[in-house]
Amino acid sequence: MSNAVVDKNVPRHGSSLQQPRLPGWAPYALIVVSLALGAGLGTALGMGNPFQMGLFAALVFIIASYALGAVVEGGRQARNRLATSLVWVCFLLAVVPLLSLIWETVDRGRTVLDGYFLAHSMEGVQTILPGGGAYHAVIGTLEQVGLAALIAVPIGLLTAIYLVEYGRGRLAKAVTFFVDVMTGIPSIVAGLFILSFWIIILGFSYSGFAGAMALAILMMPIVVRSTEEMLKLVPDELREASLALGVPKWRTILKVVLPTAIGGITTGVMLAVARIAGESAPIVLLVFGATGINNNPFEGAQSSLPYYIYEQWQLGNEASFNRAWAAALVLIAFVMILNLVARGIARWKAPKSGR
């Protein structure tokens, strides 16, 4: 019989191959201890701001997680816990201000937000007294955003189709470059362009349509980019199969490519609408504001929710502050509804999974 060679580095039978691990409740216990230490030390040091105490508690949690992991689990798992703790802390730092903003807006806006506020304008209302509403601003926002979408969506959709299906050479590169440039322009620049061209040079008056044109400039590159990416996701096999049957290219795009990508395209359009709904700089320059109801966006000054918020906050009294918070709550709800609709359309039109 040959003698078996025994490797001393191989653990013997019955020895554990797993390193010790912290129990599952350990992170939660560390969170409780860190919050307690943060509150206690923050109070002792005179930190009256809860956000400062939270930052201190987060620092304690990160250090304690790494130290405890290094002692019990070893350096590798300790570094993993350090990275995980940093990710969670950064996530909370991003979410807490958002939740705080929503809470503050709901808490202050609900005091005057009711059916009367949504059904009346500020016509004949003394700004220092309670009363009035934002009906004229809601109408203005809906009309201006709707007109901007009517202008931007067809142009953006056709531009994206050209870039994906036909675009070759220098012209396509130039269009792509200018779309990228338009994506990053400040909203005030779009407003100044329409102000100088439409109102000063051509001589038209301030109106909701002027504001809609500025919003369309901001919306167009978003529609182009989102549609372009969705069209690129359509498999080339679908195009080739249609062309192989003798279908013209324009009909292939209309009957095969667009229906396949319609879910993503619609989602991108809805997100672009949500993006421009809260723009205030072009509206302040071009719409000019109105206290009464103007249902004609092509003639005369109009209001909008962003302008209404700015206008009421500028007045500087308690009643106007309450109206500004209520209008801000309406605007947040409008944007949130658009985002939920976009997510619903994306899920409805998403490709069905297999068996």
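Residues numbered from 1 in each chain as written. Predicted model: local features only at pLDDT ≥ 70, side-chain atom pairs only at ≥ 80, totals over all residues. Heavy atoms only, no water.

(A) Structural context of the confidence of the model for the protein chain. Residues of the protein chain with pLDDT of at least 70 account for 92%, and the chain-wide mean is 85. Note on residues 1-15: pLDDT under 50 across the span, and one contact to partners over four residues away in sequence or across chains. (pLDDT = per-residue confidence, 0-100. Contact = heavy atoms within 4.5 Å.)

(B) Fine view of a nonpolar patch on the surface. On the surface, a nonpolar cluster with roughly 680 Å² of combined accessible area is contributed by F51, L55, W88, F91, L92, L93 and V96. Among the elements of the structure, α2 (50-72) and α3 (75-109) are those that each provide at least two residues to the nonpolar patch. If you trace the backbone, W88 turns up in helix α3. Its relative accessible area of 52% is what places W88 among the exposed residues. (Patch = residues over 30% accessible without salt bridge, like charges linked within 9 Å, V, L, I, M, F, W, Y side chains within 5 Å. Areas by Shrake-Rupley, 256 points an atom, 1.4 Å probe, with all protein chains shown as cover. Salt bridge = Lys/Arg side-chain N within 4 Å of Asp/Glu carboxyl O. Helix = DSSP H or I, 4+ residues; strand = E, 2+ residues; numbered from the N terminus. Buried < 20%, exposed > 50% of the residue type's maximum accessible area, 1.4 Å probe, protein only.)

(C) Quick look at the pattern of salt bridges. If you walk through the whole model with that rule in mind, you get eight salt bridges. Each of the salt bridges in this network shares a partner with another, and the network as a whole consists of D180, R225, E228 and K232.

(D) Structural context of the nonpolar core. Counting 45 residues, the largest nonpolar core has I194, W198, M219, L231, V273, I276 and L286 as its most contacted members. If you list the elements that add at least two residues to this core, you get α5 (135-166), α7 (187-201), α8 (208-232), α10 (249-277), α11 (281-286) and α13 (318-348). Dropping the residues within four chain positions of it, L231 is found in contact with A160, I161, V164, R239, V257, L258, A261 and I265. Of all hydrophobic cores here, the second largest spans eleven residues; its members include V138, L305, A326 and V330. (Core = buried A, V, L, I, M, F, W, Y, C linked by side-chain atoms within 4.5 Å.)

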